[in-house]
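Structural description and commentary
Listed below are the residues making up each chain.
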Amino acid sequence: MKITKLTLYRVPPRWMFLKIETDEGITGWGEPVIEGRARTVEAAVNELSGYLVGQDPTRINDLWQVMYRGGFYRGGAILMSAIAGIDQALWDIKGKALGVPVYELLGGRVRDRMKMYSWVGGDRPADVIEGINTLREIGIQTFKLNGTEELGIIDTASAVDAAVDRIARIREAFGNTIEFGIDFHGRVAAPMAKVLLRELEAHRPLFVEEPVLAEQAEYYPRLAEYTSIPLAAGERMYSRFEFKHVFQRGGISIVQPDLSHAGGITECVKIAAMAEAYDVAFAPHCPLGPVALAACLQVDFVSHNAVLQEQSMGIHYNKGAELLDYVINREDFQITDGYFPPLPKPGLGVIVDEERVIAASQNPPDWRNPVWRHPDGSVAEW
Ligand SMILES: O=C(O)C(=O)C[C@@H](O)[C@H](O)CO
Ligand SMILES: [Mg+2]
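Bear in mind the structure is a predicted one, so any value in this text is a computation, not a measurement. (Residues numbered from 1 in each chain as written. Chains lettered and ligands numbered in written order. Predicted model: local features only at pLDDT ≥ 70, side-chain atom pairs only at ≥ 80, totals over all residues. Heavy atoms only, no water.)

Focus: the overall build of the protein chain
- Within the protein chain, the secondary structure is distributed over 12 helices and 14 strands.
- On C-alpha atoms alone, the protein chain measures out to a radius of gyration of 20 Å, which is about the 21 Å that the 2.2 N^0.38 rule sets for 382 residues.
- Across its three principal directions, the C-alpha atoms of the protein chain cover 65 × 45 × 45 Å.
- Long-range contacts, defined here as pairs at least 24 residues apart, represent 70% of the contacts in the protein chain between residues at least 6 apart. (Helix = DSSP H or I, 4+ residues; strand = E, 2+ residues; numbered from the N terminus. Rg over C-alpha atoms; globule rule 2.2 N^0.38 Å. Contact = heavy atoms within 4.5 Å.)

Pasting the structure below:
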């Protein structure tokens, strides 16, 4: 079999789908994208296609090494997201060619269902109680919300109280009948992370995500010494070679690589295995589309330490399209009591509605996150 063509589709809300065609009529789909830099990843995929057209798509490991090592410069959000989406599509092709889901190619399932969680609140977390009540009605029991709005390197007691009171209200309203992670979203600098973690301890969040920015990873072990709250990170780390420093230094209890940013299935299976060796849980980041989610689930079902799967249904970013709008086999993504079933179809397990993708790609938005500013006018972490 030979790769014949790569086609990219940027679509609402902020996703990009890649279709890889072969000379045997089997096509694979991937989701190479960095939110807010879709056109840059599009260019990277087009540059990498030179290594791929004419090659055997089933030699996934070799093609991955060529894409990663062949260009001398390597790593980073853009290149690793381009490789990720291509890698997803190659696994989709291989599974379809052999008539099995990708998890069968990876040794078969270690679980019967995969626990998921939903976002509540938005960029400025409000109405979280109402959001939780609505989602509980469809059996979802685990949630995530942003911990704060903009926060200064040193900020006020009232800013801390606003963040902590929001969490206190959740526990008051629901007791221990639900669980929730708090995403600091990189908005919190190390000095304030200590303050917030100490104040939040009493409300027992399931985890605190990105307690500081990934470029401040040396703080993870120090913060972990300071709190019993499990710390999570990973959406802004892009390969084993970044995660290894986190495993060696310690401090992170849950790693959250993104299957569309960290080199795809081939790389994230390895990251999950490294994490298991350090007794670290695996919870893939996935605020994106259905192909990214399907890739996550394929890795979740073969990873002993997979604990939670993010998905974007109802997420505050999904304006203009919802998670399953471009999917034909929506019934396979049915959530029951807060769990996903294993995807039964060959390959990634998602049947893309190509007509709808092509139509939506005619006039795609150029989604970018807002640039926030502090009261003094300086740039704030979004
Ligand atoms: O889902 C998460 O955990 C996030 O932090 C959302 C963020 O990753 C946005 O997708 C960036 O555009
Ligand atoms: Mg996050």
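The discussion continues.
With respect to the nonpolar core
- Grouped together as the largest cluster of nonpolar side chains are 114 residues, with contacts concentrated most on Ile20, Ile86, Ile170, Leu196 and Tyr220.
- There are two domains that each give this core at least three residues, and those are domain 1 (3-101) and domain 2 (104-344).
- Those residues in contact with Leu196 that lie beyond four places of it in its chain are Thr148, Leu151, Val160, Ala163, Val164, Phe184 and Val188.
- Tyr117, Ala232, Ile254 and Ala283 belong to the second-largest nonpolar core, a separate cluster that totals seven residues. (Core = buried A, V, L, I, M, F, W, Y, C linked by side-chain atoms within 4.5 Å. Buried < 20%, exposed > 50% of the residue type's maximum accessible area, 1.4 Å probe, protein only. Domains from an automatic or database assignment.)

As for the packing of aromatic side chains
- Using the criterion set out here, one finds 14 aromatic pairs in the structure.
- A centroid spacing of 5.7 Å and a plane angle of 20 degrees characterise the contact between Tyr68 and Phe241, whose relative ring orientation is stacked. You can see Tyr68 sitting in helix H2 (residues 60-69) and its partner Phe241 sitting in helix H9 (residues 240-249), a full 173 residues away along the chain.
- Summarising the aromatic geometry, the rings of Tyr317 and Trp367 are spaced 6.0 Å apart at their centres and angled 85 degrees between planes, so their arrangement reads as edge-to-face. (Phe/Tyr/Trp six-rings, centres within 6.5 Å; stacked < 30°, edge-to-face > 60°.)

A word on the coordination of the magnesium ion (ligand 2)
- Coordination of the magnesium ion (ligand 2) by the protein is provided by Asp183 (OD), Glu209 (OE) and Glu235 (OE), with metal-donor distances spanning 2.0 to 2.2 Å.
- Motif for the magnesium ion (ligand 2), donor spacing along one chain: D-x25-E-x25-E. Of this pair, Asp183 sits in strand E6 (residues 179-183) while Glu235 sits in the loop between strand E8 (231-233) and H9, placing them 52 residues apart in sequence. Across the pair, exposure class does not vary: Asp183 and Glu235 are buried alike. (Donors = N, O, S within 2.8 Å, 3.2 Å for Na, K, Ca; no water.)

Some thoughts on the confidence of the model for the protein chain
- For the protein chain, mean pLDDT is 97; residues scoring 70 or higher make up 100% of the total.
- Under the prediction, the complex receives an ipTM of 0.98, its pTM being 0.98. (pLDDT = per-residue confidence, 0-100.)

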